[in-house]
Amino acid sequence: MGDGIGRYRGTESKLAQWLRRRPKRTAADDGNTRETLLLAIAAAGLPLAPAAHPVGYSCSCERIGCPTPARHPLSFAWQTQSTTDRAQIERWVRNQPEANFITATGMVHDVLDVPLAAGRAALDRLLAEGVDVGPVAEFRDGAGDGGRMLFFTATRGTPEDEDEWWPCELDCHPETMDEHPGLRWHCRGSYVLVPPARLPGDEEDHPVVGWTRGPEHALPDPLNLLEALTDACARHAAERGADGDDEHAAHGVAWPLTR
């Protein structure tokens, strides 16, 4: 009965008519959108490399029982493979149409990685205070506020500038991320997934990793964001502790981990 509402002659809305006439999205459309998004990331100076993709609830790699399905680079040489070269990225995208992509941190940019709920609170505060935030991505992990928010920033040091390298107890490397269940600082030797990316169980037409603020925003100094992010993480941890949740369980599995 409900299907007939508004569909009698002369009563169907223009929007409904347009929706019924609109052509369905094709695989080519999705591929073009994906390529455009990845090229925009590279154009912003963030080096990319192909990563594994989900196959149902498993990983496309050949590793039995992969501990980080669809969250790791395809190659062990991902640090040297990462590039912003447009032609190379176009080849990867077209030859590996299902691959996720990672960006190697610590060369041009770092990433401050926080629980999703804490990140949203910090983002609201930073924007209200007029702080330049830069690109922000997020991924949801189940219902509610589960997941992570990624704040892309300028790096505090580069491999070519050893004297200015700024080590910190918050530094995050792929193999040690579980040690920092709150804020993780991805710098040299680490990486993060970039949008659009899918994780096991995601619907193919709904990438779970997406932009909140796109890569067209300039990379800020991470120190300008650090206070708001650490404060938000502390409040988030206190709230979870008051609810009786285990600290590590509250933040979920750290990602990415070592290949």
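How each quantity is defined
- Residues numbered from 1 in each chain as written.
- Predicted model: local features only at pLDDT ≥ 70, side-chain atom pairs only at ≥ 80, totals over all residues.
- Heavy atoms only, no water.
- Helix = DSSP H or I, 4+ residues; strand = E, 2+ residues; numbered from the N terminus.
- Buried < 20%, exposed > 50% of the residue type's maximum accessible area, 1.4 Å probe, protein only.
- Contact = heavy atoms within 4.5 Å.
- Phe/Tyr/Trp six-rings, centres within 6.5 Å; stacked < 30°, edge-to-face > 60°.
- Pairing = 2+ DSSP bridges.
- Axes fitted to C-alpha atoms, helices over the stretch in contact; angles between N-to-C directions.
- Core = buried A, V, L, I, M, F, W, Y, C linked by side-chain atoms within 4.5 Å.

### Some details on the overall build of the protein chain
Alright, step 1. Secondary structure summary: the protein chain contains 7 helices and 11 strands in total.
Alright, step 2. Across the 259 residues that make up the protein chain, the buried fraction comes to 44%.
Alright, step 3. In the protein chain, the share of contacts with a sequence separation of at least 24, taken over all contacts with a separation of at least 6, comes to 74%.

### Notes on the environment of Arg188
Alright, step 1. Assignment of secondary structure puts Arg188 in the loop between β9 (184–186) and β10 (191–194).
Alright, step 2. The sequence separation of Arg188 and Ala104 amounts to 84 residues, and the corresponding C-alpha distance is 7.7 Å.

### Focus: the packing of aromatic side chains
Alright, step 1. Following the criterion strictly, the structure yields 3 aromatic pairs and no others.
Alright, step 2. Aromatic pair Trp78 and Tyr191: ring centres 4.8 Å apart, planes at 75°, arrangement edge-to-face. Linking Trp78 in helix α3 (residues 78–81) with Tyr191 in strand β10, this pair joins segments that are 113 residues apart in sequence.
Alright, step 3. Summarising the aromatic geometry, the rings of Trp92 and Phe101 are spaced 6.3 Å apart at their centres and angled 50° between planes, so their arrangement reads as tilted.
Alright, step 4. In this structure Trp92 comes out as buried when scored by relative accessible area, which is 10%.
Alright, step 5. Owing to a relative accessible area of 1%, Phe101 belongs among the buried residues under this scheme.

### Focus: the sheet that holds strand β1 (residues 48–51)
Consider a sheet: its strands pair through backbone hydrogen bonds, and that pairing is either parallel or antiparallel.
Alright, step 1. The strand order across the open sheet formed by 3 strands is β1-β4-β10, and the pairing between neighbours is antiparallel. The outermost strands of the open sheet, each flanked by one partner alone, are β1 and β10. Shown here is a sheet whose adjacent strand axes are inclined to one another by a mean of 40°, direction ignored.
Alright, step 2. Bridging between β1 and strand β4 (residues 100–104) involves 4 bridges; their strand directions are antiparallel. Directly across from Pro50, in β4, lies its bridge partner Phe101.
Alright, step 3. Running at roughly 15° to β1, helix α4 (residues 86–95) makes contact with β1 and β4 of the sheet.

### Focus on the nonpolar core
For soluble globular proteins, nonpolar side chains are generally found buried alongside one another.
Alright, step 1. Judged by nonpolar contacts, the single largest core of 20 residues is most densely connected at Leu112, Val114, Phe151, Leu183 and Leu229.
Alright, step 2. Counting residues per element, the ones that place at least two in this core are β5 (109–115), α5 (116–128), β7 (147–154) and α6 (223–242).
Alright, step 3. Looking at which element gives the most residues to this core, the answer is α6, with 6 residues.
Alright, step 4. When neighbours within four sequence positions are excluded, Leu229 is seen to be in contact with Leu112, Val114, Ala122, Phe151 and Leu183.
Alright, step 5. One finds Ile41, Leu48, Ala137 and Val192 within the second-largest nonpolar core, a separate group that totals 17 residues.

### Digging into the pairing of β4
Alright, step 1. Burial analysis of β4 places 5 of its 5 residues in the buried class, which makes it a mostly covered element.
Alright, step 2. Residues Asn100, Ile102 and Ala104 line one face of β4 and the alternating positions Phe101 and Thr103 line the opposite face, and both faces are buried.
Alright, step 3. Sheet topology note: the β4/β10 ladder contains 4 bridges and is antiparallel. Each residue of the ladder has a partner; that of Thr103, found in β10, is Val192.

Any link to function would need more than the numbers given here.
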